[in-house]
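Per-entry structural report
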Amino acid sequence: MLDYVTGYLSSNVTPGQAGNWVWALIYILLIFLGISLAVMGMVWLERKILAHMQIRLGPMRVGPHGLLQPIADSLKLLLKEDIIPENADKVVFWLAPLMVVIAAFTVFIVIPFGPTHAVTDMNIGILFMLGVSSLGVLGIIMAGWASNSHYPLMGSLRSSAQMVSYEIAMGLAVVSAVLMTSFNAGGSGTLSMIGIVQAQAAQHTWFAFKFFPLGLVALFVFAVAMVAETNRAPFDLPEAESELVAGFHTEYSGFRWSLFFLAEYTAMLAVSSIAVTLWLGGWMRPFPSWHGPAITIPNFWEHAAPLGAVDFAFSLVPAVCFFVLAAFAFIGTLRMPKHPLMKIQKGGLGALALVLAGIGLVLLIPPVRDRIQDIFWFVAKVAVFMYLYIWYRGTFPRYRFDQLMKLGWKVMLPMGLGVLIATAVVGVLV
Amino acid sequence: MVPITTLHYLVVAAALFVLGTIGVLTRRNVVIILMSIELILNAVNLNLVAFSRLYGLHGQVFAVFVITDAAAEAAVGLGILIAFFRNKETVNMDEVDLLKW
Amino acid sequence: MNPVATPFFFYFLSAMALISGVLVITRKNPVHSAIALIFTLLSLAGLYLMLYAPFVAGVQIILYAGGIMVLFLFVIMLVSVSRVERESQFNKQWLVGIAATAALGVLFILVYAKGKSVFPERTVQLPEQLNTQQVAVWLYGTYMLPFEIASLLLLVAIVGAVVMAKKRI
């Protein structure tokens with residue numbers, strides 16, 4: 001058993017390519033759990049960050065600093081009554097949230113969290129991702145139509161028009177990034193997600209900074225289009241509460257509503273992962289080809305091998321991050337009011353600090369450190385995009401529908417086309 | 001079980017083609033007729049891709065062309081449908097019996 | 001890597017394609033037909049994957065299921081009339097239509113039965129890893145002119161759709 005595990009850990013292909021379905025299943029389960037946890041965390045963070053942007057406190061009651069709020073939220077959603085409207089089309093009403101969730105989660109099959117940390121590596125990876133994520137819009141239309149009510153129908157019509165328009169700009173931006181993979185020494189591009197990151201490693205640059213400013217412009221087009229694709233502010237017209245109540249999910253309640261919610265945040269994570277993989281170097285750390293002077297670290301688990309100083313410093317970052325989080329939690333514990341009622345909260349926060357510090361210590365172990373680095377950098381880059389989503393929501397006013405269409409067709413589409421052509425021309429000339 | 005040969009795929013494609021033809025010939029709703037046309041095009045595509053395993057990649061290239069045609073056909077067909085619906089308040093094919101009004 | 005359980009997946013996917021194909025042409029409500037058609041398209045994409053055509057499968061999902069079907073659903077919602085469901089669904093020539101298609105089906109079966117020996121037994125082993133590159137080489141090499149004509153066709157279709165559907169241009 002242990003041999004099996006260690007035997008896998010030393011392999012250098014994804015489980016899907018190795019045909020190892022046990023590990024593929026384990027990866028799928030881990031990704032599913034990780035995404036669900038990340039969504040719960042996102043909900044808490046979004047409320048907290050929005051609150052702090054508006055000089056409020058946000059959830060404070062359930063747990064220390066509202067840390068248990070997501071659990072309370074999900075319990076509430078699961079216990080709520082699940083209403084199916086009288087005149088709704090039952091089958092389609094039941095199918096729609098499933099379709100949205102499946103489309104959002106299936107995308108994660110090809111996302112590379114590290115050189116071997118993906119369920120599988122398809123040679124049509126990015127095409128598959130774009131295709132499957134575009135299936136989500138079908139679920140939204142079905143939900144709006146099956147509700148047999150006006151607001152959801154309007155919301156889903158808006159949503160489908162918006163998502164179809166912005167998909168084109170998104171596709172053009174993606175094509176310009178795929179085109180960049182072909183400017184290797186070998187001269188052959190790739191659509192595979194792992195191949196795209198490896199091409200960035202081979203060209204010693206993130207594609208966001210290649211052919212400055214072309215990569216950045218493409219990333220900008222993609223970043224705008226991905227906000228529109230996921231129906232988030234400032235492009236959240238399909239669920240604009242001042243105009244359409246809640247858009248396509250007005251008639252949904254309880255568990256089905258929470259499926260839509262889960263799908264929305266999962267789709268946000270998915271498109272952010274695409275952006276990270278295509279333009280921000282995927283699992284690679286910042287300055288991946290800067291190793292620094294070789295140093296020898298005394299190492300109790302393995303033989304001491306010479307290692308670049310910069311490599312070593314960057315490999316400590318994940319553990320340090322957890323130590324910083326633990327320190328925050330610990331300071332929070334110390335600053336709790338000395339009231340007998342706060343005793344449980346104080347204990348909880350202290351335990352959280354200990355757990356975080358423990359994870360930090362585990363991350364210091366050299367084999368773990370080597371393995372976990374890739375995942376850490378990937379997740380950190382995705383987290384930046386998720387913070388941007390919240391920031392947009394706190395900052396920008398909502399677009400009007402005609403402005404949205406004008407932006408999509410008259411600004412983003414020509415911009416994407418221009419970047420694509422310019423990338424091709426520069427790539428041939430350079 | 002018998003191994004899957006090209007003939008298996010061709011039979012599936014033929015069945016889909018026949019289904020699509022029935023839809024085009026017998027339904028009244030224009031939207032469903034257009035969808036039946038999509039079924040026919042997909043049957044053709046399956047045929048082309050199945051043959052590409054026998055004779056090389058030409059079949060797959062043609063399948064891409066057929067998908068392009070399907071997109072163009074759907075756009076124009078649905079545009080005509082909207083114009084028609086605006087004038088006659090119906091989507092039934094057998095009520096399209098005027099050349100001019 | 002050899003594909004696993006090929007016969008099972010083939011029968012599963014083709015059964016799904018055919019059953020939802022039957023649903024497409026029998027449902028009263030066009031939205032139900034459209035959803036059935038989506039399932040047909042997705043299972044056909046699976047069949048393309050089994051035929052070592054990953055690029056066509058990807059294009060099928062992204063263009064058909066994600067593009068054309070959205071257009072269909074959009075238009076169905078624009079023109080939805082509840083009256084349609086209560087009217088008769090089949091036109092007056094349905095008997096002739098079914099007879100004609102049955103004849104077509106018999107023709108297919110005869111051709112396949114007779115022509116079994118025409119198809120070569122060998123299959124070309126297409127390298128799956130290079131599929132996309134090779135399709136691209138064909139598209140931009142031998143089929144350059146048809147490719148350009150296809151882009152022109154799409155442009156014409158866009159203009160045509162706008163002219164048809166827009167009230168005042």
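Up top is the structure.
Attention in this report is confined to the structure presented alongside it. These numbers come from a predicted model, not from an experiment.

The helix and strand tally for chain B stands at 3 helices and 0 strands. Of the regular secondary structure in chain B, the N- to C-terminal order runs α-α-α. Its C-alpha atoms give chain B a radius of gyration of 17 Å, clearly above 13 Å, the size a compact globule of 101 residues would have. For chain B, the spread of C-alpha atoms along the three principal axes comes to 55 × 25 × 20 Å. Out of the 101 residues in chain B, the part that is buried amounts to 64%. Partitioning the intrachain contacts of chain B with sequence separation of at least 6 by distance along the chain shows that 51% fall at a separation of at least 24. Treating the 6 positive side-chain charges of chain B as one cloud and the 7 negative ones as another, the clouds have centres 0 Å apart.

Residue and element names in this part refer to chain A. Between helix H5 (residues 90-106) and helix H6 (residues 125-146), the shortest axis-to-axis distance is 8 Å and the interhelical angle comes to 160 degrees. When the axes of H5 and H6 are compared, the pair comes out roughly antiparallel. Note that H5 runs across H6; the crossing there is left-handed. Mapping the contact onto sequence places Val 92, Phe 93, Leu 95, Ala 96, Met 99, Val 100, Ala 103 and Thr 106 in H5 and Phe 128, Val 132, Leu 135, Gly 136, Leu 138, Gly 139, Ile 140, Met 142, Ala 143, Trp 145 and Ala 146 in H6. A class-by-class count of the residues in the contact of H5 with H6 yields 16 nonpolar, 3 polar and no charged.

All names here are of chain A. Following both chains from N to C, one finds H6 and helix H11 (residues 254-279) inclined at 155 degrees, their axes separated by 12 Å at the closest point. Relative to H11, the element H6 lies roughly antiparallel. Judged by the sense of rotation from one axis to the other, the crossing of H6 with H11 is left-handed. Across from Ile 126, Met 129 and Ala 143 in H6, the residues of H11 making contact are Phe 260, Ala 270, Ile 274 and Leu 278. Across the contact of H6 with H11, the residue classes break down as 7 nonpolar, no polar and no charged.

All names here are of chain A. Counted according to the given criterion, the structure contains 2 cavities of 30 Å³ or more. Of the voids in this model, the largest cavity is the one considered here, and its volume is about 310 Å³. Residue lining of the largest cavity: 22 residues in total, with Met 163, Glu 229, Thr 230, Ala 263 and Ala 267 positioned closest to the centre. Every element with two or more residues in the lining of the largest cavity is listed here: H5, H6 and H11. Broken down by element, the lining of the largest cavity gets its largest block of residues, 6 residues, from H11.

All right, on to the interface of chain C and chain B then. Buried accessible area, meaning the area lost when the parts come together, often serves as the stated size of an interface. Every contact between the two is made by 83 residues of chain C and, on the other side, 73 residues of chain B. Across the chain C to chain B interface the summed buried area is about 7100 Å²; carbon plus sulfur atoms make up 76%. Summed over the shared surface of chain C and chain B, the result is 0 salt bridges. Across the contact surface, chain C and chain B share 5 residue pairs in polar contact (both at pLDDT 80 or more). Taken together, the elements giving at least two residues each to the side of chain C that touches chain B come down to helix H1 (6-26), helix H2 (30-50), helix H3 (54-78), helix H4 (83-86), helix H5 (94-114), helix H6 (131-140) and helix H7 (144-165) of chain C. Here the residues of the side of chain C that touches chain B are counted per class, giving 57 nonpolar, 18 polar and 8 charged.

A separate point is a positive patch on the surface. On the surface, Arg86(B), Lys166(C), Lys167(C) and Arg168(C) cluster together into a positively charged patch. For Lys167(C), the location among the structural elements is in the segment after H7.

Residue and element names in this part refer to chain A. Taking 1.5 Å of rise per residue, 27 residues should cover 39 Å, and helix H12 (residues 309-335) covers 38 Å from first to last C-alpha, within 8% of that figure. In H12, a bend of some 35 degrees at Pro 318 exceeds every other bend along the element. Val 310, Asp 311, Phe 312, Phe 314, Ser 315, Pro 318, Ala 319, Ala 326, Ala 329, Gly 332 and Thr 333 are the residues of H12 that are buried.

On to the interface of chain C and chain A. At the interface, 25 residues of chain C touch 29 residues of chain A. Connecting chain C to chain A are 0 salt bridges. Of all elements in the fold, only H2, H3 and H6 of chain C reach the threshold of two or more residues within the side of chain C that touches chain A. Along the lines of polarity and charge, the residues of the side of chain C that touches chain A split into 17 nonpolar, 7 polar and 1 charged.

Here we come to unusual backbone geometry. Omega for the bond connecting Phe212(A) with Pro213(A) falls within 30 degrees of zero, at 5 degrees, which places this linkage in the cis form. Relative to the elements of secondary structure, Pro213(A) occurs in the loop between helix H8 (193-202) and helix H9 (214-229). Located in the positive-phi region is Asn148(A), a residue other than glycine, with phi close to 55 degrees. Following the sequence through the fold, Asn148(A) ends up in the loop between H6 and helix H7 (150-181). Residue class for Asn148(A) comes out exposed when judged on its relative accessible area of 51%. Phi is positive for Tyr52(C), close to 60 degrees, though the residue is something other than glycine. Within the secondary structure, Tyr52(C) sits in the loop between H2 and H3.

With that settled, the discussion passes to the pattern of salt bridges. Residues and elements named next belong to chain A. Scanning the model with the defined rule gives 7 salt bridges over all chains in all. Residue Arg 47 pairs with Asp 73 through a salt bridge whose shortest N-O separation is 3.1 Å. Note that Arg 47 is positioned in helix H3 (residues 21-53) and Asp 73 in helix H4 (residues 69-79), a separation of 26 residues in sequence. Looking at Asp 73, the relative accessible area reads 18%, which means it is buried. Residue Asp 236 is joined to Arg 398 by a salt bridge in which the shortest nitrogen-to-oxygen separation is 2.8 Å. With Asp 236 in the loop between H9 and helix H10 (241-244) and Arg 398 in the loop between helix H14 (366-395) and helix H15 (401-429), this pair connects stretches of sequence that are 162 residues apart.

Counting 179 residues, the largest nonpolar core has Tyr166(A), Phe222(A), Met226(A), Trp279(A), Tyr9(B), Leu46(B) and Phe72(C) as the members making the most contacts within it. Setting aside chain neighbours within four positions, we find Tyr166(A) in contact with Val224(A), Ala225(A), Ala228(A), Glu229(A), Phe235(A), Leu404(A), Leu407(A), Gly408(A) and Met412(A).

What counts and what doesn't
Residues numbered from 1 in each chain as written. Chains lettered and ligands numbered in written order. Predicted model: local features only at pLDDT ≥ 70, side-chain atom pairs only at ≥ 80, totals over all residues. Heavy atoms only, no water. Helix = DSSP H or I, 4+ residues; strand = E, 2+ residues; numbered from the N terminus. Rg over C-alpha atoms; globule rule 2.2 N^0.38 Å. Buried < 20%, exposed > 50% of the residue type's maximum accessible area, 1.4 Å probe, protein only. Contact = heavy atoms within 4.5 Å. Lys, Arg positive; Asp, Glu negative; His and termini not counted. Charge placed at Lys NZ, Arg CZ, Asp CG, Glu CD. Axes fitted to C-alpha atoms, helices over the stretch in contact; angles between N-to-C directions. Parallel < 35°, antiparallel > 145°, perpendicular 65-115°, else oblique. Left-handed = near helix turned anticlockwise from the far one by under 90°. Nonpolar A, V, L, I, M, F, W, Y, C, P; charged D, E, K, R; others polar. 1 Å grid on protein atoms, 1.4 Å probe; cavity = no way out; pocket = protein on both sides within 12 Å on 5 of 7 lines; lining within 4 Å. Points joined across faces, edges and corners; volume = space filled by probe spheres on them. Buried area = accessible area lost by both parts, 1.4 Å probe. Salt bridge = Lys/Arg side-chain N within 4 Å of Asp/Glu carboxyl O. Polar contact = N/O pair within 3.5 Å; in protein donor to acceptor, adjacent residues only side chain to side chain. Patch = residues over 30% accessible without salt bridge, like charges linked within 9 Å, V, L, I, M, F, W, Y side chains within 5 Å. Areas by Shrake-Rupley, 256 points an atom, 1.4 Å probe, with all protein chains shown as cover. Expected span 1.5 Å × (residues − 1). Bend = angle between axes of the 7 residues up to and from the residue. Core = buried A, V, L, I, M, F, W, Y, C linked by side-chain atoms within 4.5 Å.

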